[in-house]
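# Fold and geometry: a report
Listed below are the residues making up each chain.
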Amino acid sequence: MIRTFSLASVAVAATVSAAMAQTEIQWWHAMGGELGEKLEAIAADYNSRQSDYKVVPSFKGTYGETMTAAIAAFRAKEQPAIVQVFEVGTGTMMAAKGAIYPVHKLMKDAGEPFDPAAFLPAVVGYYTDTDGNMLSMPFNSSTPILYYNKDVFEKAGLDRNTPPKTWEDVEAFSRKIMESGAAKCGFTTGWISWVQLENFSAWHNQPIGTLENGFGGLATELTVNGPLQVRHWENLARWQKEGIFQYGGPVGGNDAPPKFYTQECAIYMNSSASRAGVIANAKDFEVGYGMLPHYADVQPQNSIIGGATLWVLQGRPEAEYKAVANFFSYLSSAEVQAKWHQSTGYLPITQAAWDLSKSQGYYDANPGADVSIRQMTLNAPTPNSKGLRFGSYTQIRGIIDEEFQALLGGQKSAQAALDDLVKRGNVLLREFEAANK
C-alpha cells in the first residue's frame, strides 16, 4: 500500500514538474461555434507538436466584447498575452500606447524568422504603421463576395453560370427573377456598414475619410457622403420599396442569411468566411459565386478586408513572449494557413498558403473559392482602397445602421442620412483624437 502510494506520488510530482517547466500563454478570442472549434484545434495541434509551450484559447464573446475585456484586463494587470481584435479596432489598439508589443519587434526580439513580404499586400497593408512595420499578426482575414442561387437563375431564364457584374445587372436580374416567379426578392446583404458602405467605397476607389482613410493620423474626417455613396444608398432605398432588395437588419444583418437559404432572395452579399455556412445551409440548390457588383461607369479597384488579427499585450513575463513568437511562426506557416483557409473561407493570408492551396487542387475542386482572393488582388490598393483606420469605429458602425434605417423608414433622404452620419461620426473622431494626443 505504501509502495503504491509512493509510486503514485512520484508520477504526480513528475507531472507537476513537467507542467511547471511548460510556459503557458493565454489567447483571448471572439470565435464561437464551429469557427471556435477550428481555432481550438489549431492551438491543440501546436501544443501536441512541442512540449515547451502551451497555448490556452479562451472565448470572450463578440469582437467588441473581447477587445473591451482585454483593455479592462490590461488596466487591472491581468491581461492575456494574445488577444484577437477585429479590423476596425486597429486604430484603438494603435492608440493604446505602452499596451501593445508590435509583432515586428516581438519576432525580431525572439529571433524568429519573419518576412512581411510573405503576406498578401492587401492584408499586410492594413496592419502596418506609416513606416511599414507590422503591428499585429494577421489571422482570420475576409472580404465580402456575392453568392447566388444558380437554380433560381436558370428558372428565371438567366445563365446559371453568370453572376451579375454590375449594379445595373443586379437590378435587371432581380426584376427578371421576380417577374418569372423564380424567387420573391432579388437580393439581400449582410453588414450594411462593411459591405454596402466601406467596401462599396473602396471597390469604387472612393475615399472613406481624409488622411488616407485615417492611416495618415488622428485628425481624419469621414467622407462617405460623396455623390457615388449617395447614389448607391438612394438605389438601395428605392429597391427596398420595390421589393428588389430586402434589408437583413443592423450590425451583421442576421436576417439576411435565412432569406438566401430559404430561396426567398436569389442573391446574397456577405463575407467570404460565410462560405462554409452557405454550403452547409444551401442544401436544396447549387450556389454560385461572384465578385461584388460595381456601377457600370466606374472601374472596380479592390475590396478591403474584415476579420481580425492577433495583438500581443505588454506586461507579461519575457518567457511568454518567446512562446508567442514561436506560436506565430507556426500559425503563419503555409500548411496551417492553407488548412484554415480551406476549412473556413477566410483568406489565405500568405502567398505560400495560396500557392499551396492551388497545388493541392483546392480551387479546381471548389469553384468560386478563390473569388475573394482575386477580388482583393484585382488591383494594387490605393489610398482610398487600402482600408480604414479610425478610432471609435465600432460606435460609428452603429451610427451607420441608425442612419440607414432612417433612410429606409422614409425619415431622411440618402444625402441627409449620409451627411448626418458624417457629422455624428466626426464628433466621435474628435473625441478620440483629443483623448489620444
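Residues numbered from 1 in each chain as written. Predicted model: local features only at pLDDT ≥ 70, side-chain atom pairs only at ≥ 80, totals over all residues. Heavy atoms only, no water.

So, about the overall build of the protein. Looking only at helices and strands, the protein has 20 helices and 10 strands in total. By the compact-globule yardstick of 22 Å for 437 residues, the protein fits well, its C-alpha radius of gyration being 23 Å. Oriented by its inertia axes, the alpha-carbon framework of the protein measures out at about 85 × 50 × 40 Å. By residue count, 55% of the 437 residues in the protein fall in the buried class. Sequence separation of at least 24 residues holds for 76% of the intrachain contacts in the protein that already meet a minimum separation of 6. Of the roughly 18,200 Å² that the protein leaves accessible, carbon and sulfur atoms contribute 54%. Side-chain charges in the protein split into 36 positive and 44 negative, and the spacing between the mean points of these groups amounts to 2 Å. (Helix = DSSP H or I, 4+ residues; strand = E, 2+ residues; numbered from the N terminus. Rg over C-alpha atoms; globule rule 2.2 N^0.38 Å. Buried < 20%, exposed > 50% of the residue type's maximum accessible area, 1.4 Å probe, protein only. Contact = heavy atoms within 4.5 Å. Areas by Shrake-Rupley, 256 points an atom, 1.4 Å probe, with all protein chains shown as cover. Lys, Arg positive; Asp, Glu negative; His and termini not counted. Charge placed at Lys NZ, Arg CZ, Asp CG, Glu CD.)

Strand order in the open sheet formed by five strands is β7-β6-β8-β5-β9, and the pairing between neighbours is mixed. On the outer flanks of this sheet lie β7 (245-247) and β9 (287-290), each paired with one strand and no other. On average, each strand axis in the sheet is inclined to that of its neighbour by 25°, with strand direction left out of account. Pairing of strand β5 (residues 144-149) with strand β8 (residues 265-271) involves five bridges; the strand directions are antiparallel. Bridge pairing in β8 places Tyr-148 opposite Ile-267. Packing of helix α8 (residues 167-180) onto the sheet brings it into contact with β6 (185-189) and β8, and relative to β6 it is tilted by some 130°. (Pairing = 2+ DSSP bridges. Axes fitted to C-alpha atoms, helices over the stretch in contact; angles between N-to-C directions.)

One open sheet accounts for five strands, arranged β2-β1-β3-β10-β4; its pairing is mixed. Each edge of the open sheet carries a strand with a single partner, namely β2 (53-59) and β4 (137-142). For this sheet the average axis-to-axis angle between neighbouring strands, irrespective of direction, equals 20°. Sheet strands in contact with helix α14 (residues 318-331) are β1 (23-29), β2, β3 (82-86), β4 and β10 (306-312), and its direction is about 60° off that of β1.

Bringing the side chain of Ser-392 into the picture now. Inspection of the secondary structure puts Ser-392 in the loop between α18 (371-376) and α19 (393-408). Under the relative-accessibility criterion, Ser-392 is labelled buried at 15%. In contact with Ser-392, not counting residues within four places along its chain, are Thr-92, Leu-428 and Phe-432.

Where helix α11 (residues 227-242) meets α19, the closest approach of the two axes is 9 Å, and the angle between their N-to-C directions is 50°. Considered as vectors, α11 and α19 are oriented oblique to each other. Crossing of α11 over α19 shows right-handed handedness. Between α11, through Trp-233, Leu-236, Ala-237 and Gln-240, and α19, the contact on the second element is made entirely by Ile-400, Glu-403, Phe-404, Leu-407 and Leu-408. Of the residues in the contact of α11 with α19, the class split is seven nonpolar, one polar and one charged. (Parallel < 35°, antiparallel > 145°, perpendicular 65-115°, else oblique. Left-handed = near helix turned anticlockwise from the far one by under 90°. Nonpolar A, V, L, I, M, F, W, Y, C, P; charged D, E, K, R; others polar.)

We now examine the layout of surface pockets. Empty space left among the atoms is revealed by rolling a probe the size of a water molecule over them. The computed volume of the largest pocket comes to approximately 1,200 Å³. What lines the largest pocket is a set of 38 residues, among which Leu-35, Tyr-63, Trp-191, Gly-252 and Tyr-346 lie closest to the centre. Of all elements in the fold, only α2 (33-49), α3 (63-75), α12 (256-261), β8, α13 (275-281), β10, α15 (334-344) and α19 reach the threshold of two or more residues within the lining of the largest pocket. Top element by residues in the lining of the largest pocket is α19. It accounts for four residues. (1 Å grid on protein atoms, 1.4 Å probe; cavity = no way out; pocket = protein on both sides within 12 Å on 5 of 7 lines; lining within 4 Å. Points joined across faces, edges and corners; volume = space filled by probe spheres on them.)

Three- or four-residue spacings in an α-helix give side chains the same orientation, since the helix completes a turn every 3.6 residues. The terminal C-alpha atoms of α2, which comprises 17 residues, lie 25 Å apart, in line with the 24 Å expected from a rise of 1.5 Å per residue. What α2 keeps buried is the set Gly-36, Leu-39, Ile-42, Ala-43, Tyr-46 and Asn-47. Projected onto a plane normal to the axis of α2, the buried residues spread over an arc of 135° and lie on a single side. Of the exposed residues in α2, those oriented more than 90 degrees away from the buried face are Gly-33, Glu-34, Glu-37, Ser-48 and Arg-49. Buried-residue contacts for α2 involve β1, β2, β4, α14 and α15. (Expected span 1.5 Å × (residues − 1). Arc of directions from axis to C-beta.)

In this structure, Leu-106, Phe-187, Trp-233, Phe-327 and Phe-328 are the most contacted members of the largest nonpolar core, which totals 116 residues. Counting residues in hydrophobic clusters, the runner-up holds 11 residues, among them Tyr-147, Ala-256, Val-278 and Val-371. (Core = buried A, V, L, I, M, F, W, Y, C linked by side-chain atoms within 4.5 Å.)

For the rest of this paragraph, the subject is the packing of α8 against α11. Put simply, α8 and α11 touch, their axes get as near as 12 Å, and they point 0° apart. Considering their axes alone, α8 and α11 lie roughly parallel with respect to each other. Note on element contacts: α11 touches α8 through Arg-231, His-232, Arg-238, Trp-239 and Glu-242, opposite Trp-167, Glu-168, Glu-171, Arg-175 and Met-178. Split by residue class, the contact of α8 with α11 holds three nonpolar, one polar and six charged.

Counting across every chain of the model gives one disulfide. A sulfur-sulfur separation of 1.9 Å characterises the disulfide bridge that pairs Cys-185 with Cys-265. Residues Cys-185 and Cys-265 are joined through a disulfide that is right-handed, its torsion about the S-S bond being 120°. Here Cys-265 lies in strand β8 and Cys-185 lies in strand β6, a separation of 80 residues in the sequence. (Disulfide = S-S within 2.5 Å.)

Located in the positive-phi region is Asn-205, a residue other than glycine, with phi close to 60°. You can see Asn-205 is positioned in the loop between α9 (192-203) and α10 (210-213). At Ser-392, a position not held by glycine, the phi torsion is positive, near 60°.

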